[in-house]
2 protein chains.
Amino acid sequence: MTGLRSGQVAAAAGVNPQTLRYYERRGLLPQPDRTLGGHRLYPAETISLLRLIKASQRLGFTLDEVTALLNARGAGMHARAAAKLSEVELKIAELTMIAEALRGAVAASCDDVNTCAADPRCPLPDS
Amino acid sequence: MTGLRSGQVAAAAGVNPQTLRYYERRGLLPQPDRTLGGHRLYPAETISLLRLIKASQRLGFTLDEVTALLNARGAGMHARAAAKLSEVELKIAELTMIAEALRGAVAASCDDVNTCAADPRCPLPDS
DNA sequence: TTGCAGTCGGTACCTGGGTACAGGCTTACC
DNA sequence: GGTAAGCCTGTACCCAGGTACCGACTGCAA
């Protein structure tokens, strides 16, 4: 009966204990062993798995995508990362345009949105 | 009793009619005049106001921020745009690092997340 | 053996930005 | 004046990704 309790795992991975049960329901975490009394006993790898999930989220994957990623093997994984890479590149391009527009708004001394929007030099409406 | 009906305004601004009432509740749109029967009558400016709201959203402002923006005058507006600009620039920087990590993952032939995450060359866990 | 922290399952709630539906009224056109 | 389209209010629901609360039970140490 060895293993980590949910609170320990959650603290080690920097996650709310409720989130463990949530991930289990979503199929991101395998069902752990239990004590005789029904308390969960996690293997130590769960902590790195959680960190992997969080890292993938930071890479812009949704939980559904992470689930697919965790079940993927071989070229599937490769293709998904490549697909996500082009998504991220697209997003960077969009944000770059947005930053341009904002720089324009700052430079144009766009002081009052209402009047500025009426001004043809205002970059807001077309962005 | 002149003015535009909600359906006309919504269609002209490319917005769902329900959204007009939602924005009114949120304080983004002023309360319009009404017909004797209680139907809303919008001034024509409402259409450009809606477009301005949508443009601001595309610039990354939340509806709460747009509300504040619409009520702001002078330097407040300027400062907010500048603040949002640095937020956007930060986000671009984050996404750029993420793209780097993904390129790494693709290049490293990171075929199976589980084994790859255990591999010290895998860029996923630290991102 | 007692006491208390930790955990259990189930359910409800949160944020943001809307969208959908129900049942009734108004407006416009023929 | 009939009829259909449009609009009214109010309420409920959607998405993702959790978080909070409840009353009951377990585990562990003193």
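Residues numbered from 1 in each chain as written. Chains lettered and ligands numbered in written order. Predicted model: local features only at pLDDT ≥ 70, side-chain atom pairs only at ≥ 80, totals over all residues. Heavy atoms only, no water.

- Chain A has the name MerR family transcriptional regulator in an unreviewed UniProt entry, where Actinoplanes couchii is given as its organism.

### With respect to the overall build of chain A
In step 1: Looking only at helices and strands, chain A has six helices and two strands in total.
In step 2: Ordering the α and β elements of chain A from the N terminus gives α-α-β-β-α-α-α-α.
In step 3: Relative to its full complement of 127 residues, chain A shows a buried share of 39%.
In step 4: When contacts within chain A are restricted to residue pairs at least 6 apart in sequence, those whose partners lie at least 24 apart make up 48%.
In step 5: Per element, the accessible surface of chain A, about 7,100 Å² overall, is 55% carbon and sulfur. (Helix = DSSP H or I, 4+ residues; strand = E, 2+ residues; numbered from the N terminus. Buried < 20%, exposed > 50% of the residue type's maximum accessible area, 1.4 Å probe, protein only. Contact = heavy atoms within 4.5 Å. Areas by Shrake-Rupley, 256 points an atom, 1.4 Å probe, with all protein chains shown as cover.)

### Side note on the packing of aromatic side chains
In step 1: Tallying each qualifying case throughout the model produces two aromatic pairs over all chains.
In step 2: Between Tyr-22 of chain B and Tyr-23 of chain B the ring centres are 6.1 Å apart and the planes differ by 40 degrees, which places this aromatic pair in the tilted class.
In step 3: A cation over a ring is seen here: Lys-84 of chain A above Phe-61 of chain A, with NZ or CZ 5.2 Å from the ring centre. (Phe/Tyr/Trp six-rings, centres within 6.5 Å; stacked < 30°, edge-to-face > 60°. Lys NZ or Arg CZ within 6 Å of the ring centre and 35° of its normal.)

### A look at the protein's contact with DNA strand C
In step 1: In the vicinity of DNA strand C, 21 residues are found, and the nearest of them are Arg-34 and Arg-40 of chain A together with Thr-19, Thr-35 and Gln-57 of chain B.
In step 2: Considering DNA strand C, the proportion of its atoms within 4 Å of the protein that are sugar or phosphate atoms stands at 74%.
In step 3: One nitrogen or oxygen atom from the side chain of Arg-21 of chain A is found 3.1 Å from a base oxygen belonging to DNA strand C.
In step 4: Note that a phosphate oxygen of DNA strand C is positioned 2.9 Å from one of the side-chain N or O atoms of Tyr-23 of chain B.
In step 5: Those elements giving two or more residues to the surface near DNA strand C turn out to be helix 1 (6–13) of chain A together with helix 2 (17–26) and helix 3 (45–58) of chain B.
In step 6: Element by element, the count of residues in the surface near DNA strand C is highest for helix 2 of chain B, at four residues. (Near = heavy atom within 4 Å. Polar contact = N/O pair within 3.5 Å; in protein donor to acceptor, adjacent residues only side chain to side chain.)

### Focus: the protein's contact with DNA strand D
In step 1: Close to DNA strand D lie 22 residues; Gln-18, Thr-19, Thr-35 and Gln-57 of chain A together with Arg-40 of chain B are nearest.
In step 2: Protein-proximal atoms of DNA strand D, defined as those within 4 Å of the protein, fall in sugar or phosphate at a share of 73%.
In step 3: Residue Ser-6 of chain B places a side-chain N or O atom 3.4 Å away from a phosphate oxygen belonging to DNA strand D.
In step 4: Arg-40 of chain B places a main-chain nitrogen or oxygen 2.7 Å from a phosphate oxygen of DNA strand D.
In step 5: Contributing elements (two or more residues each) for the surface near DNA strand D: helix 2 (17–26) and helix 3 (45–58) of chain A together with helix 1 (6–13) of chain B.
In step 6: It is helix 2 of chain A that contributes the most residues to the surface near DNA strand D, five residues altogether.
In step 7: In the surface near DNA strand D, the residues fall into three nonpolar, twelve polar and seven charged. (Nonpolar A, V, L, I, M, F, W, Y, C, P; charged D, E, K, R; others polar.)

### Section: the layout of surface pockets
In step 1: Each pocket or cavity is described by its volume, and for the second largest pocket that value is around 300 Å³.
In step 2: Looking at the second largest pocket, it is lined by 15 residues, and the ones nearest its centre are Val-88, Lys-91 and Leu-95 of chain A together with Lys-91 and Leu-95 of chain B.
In step 3: Mapped by element, the contributors of at least two residues to the lining of the second largest pocket are helix 5 (75–107) of chain A together with helix 5 (75–107) of chain B.
In step 4: When residues of the lining of the second largest pocket are assigned to their parent elements, the largest contribution, eight residues, is made by helix 5 of chain A.
In step 5: Here the residues of the lining of the second largest pocket are counted per class, giving seven nonpolar, one polar and seven charged.
In step 6: The residue makeup of the lining of the second largest pocket includes at least three contributed by each of domain 1 (1–71) and domain 2 (75–127) of chain A. (1 Å grid on protein atoms, 1.4 Å probe; cavity = no way out; pocket = protein on both sides within 12 Å on 5 of 7 lines; lining within 4 Å. Points joined across faces, edges and corners; volume = space filled by probe spheres on them. Domains from an automatic or database assignment.)

### Considering helix 2 of chain B
Residue and element names in this part refer to chain B.
In step 1: If you check which residues of helix 2 are buried, you get Thr-19, Leu-20, Tyr-23 and Glu-24. Taken end-on, helix 2 shows its buried residues confined to a sector of 140 degrees, consistent with a single buried face. Across from the buried face of helix 2, at angles greater than 90 degrees, the exposed residues are Gln-18 and Arg-25.
In step 2: Put simply, Asn-16 is the residue that caps the front of helix 2, since its side-chain oxygen is 2.9 Å from the backbone nitrogen of Gln-18.
In step 3: Looking one or two residues past helix 2, Gly-27 carries a phi angle of roughly 85 degrees, positive in sign. (Arc of directions from axis to C-beta.)

### Re helix 4 (residues 63–71) of chain B
Residues and elements named next belong to chain B.
In step 1: Turning to helix 4, its buried residues are Leu-63, Val-66, Thr-67, Leu-69 and Leu-70. Mapping the buried residues of helix 4 onto a view down its axis gives an arc of 160 degrees, with all of them on the same face. Exposed residues lying more than 90 degrees from the buried face of helix 4 are Asp-64 and Asn-71.

### Points about the nonpolar core
In step 1: Core analysis: the largest hydrophobic core is formed by 61 residues, its most contacted members being Leu-20, Ile-53 and Leu-102 of chain A together with Leu-20, Ile-53 and Leu-102 of chain B.
In step 2: Each of domain 1 (1–71) and domain 2 (75–127) of chain A contributes no fewer than three residues to this core. (Core = buried A, V, L, I, M, F, W, Y, C linked by side-chain atoms within 4.5 Å.)

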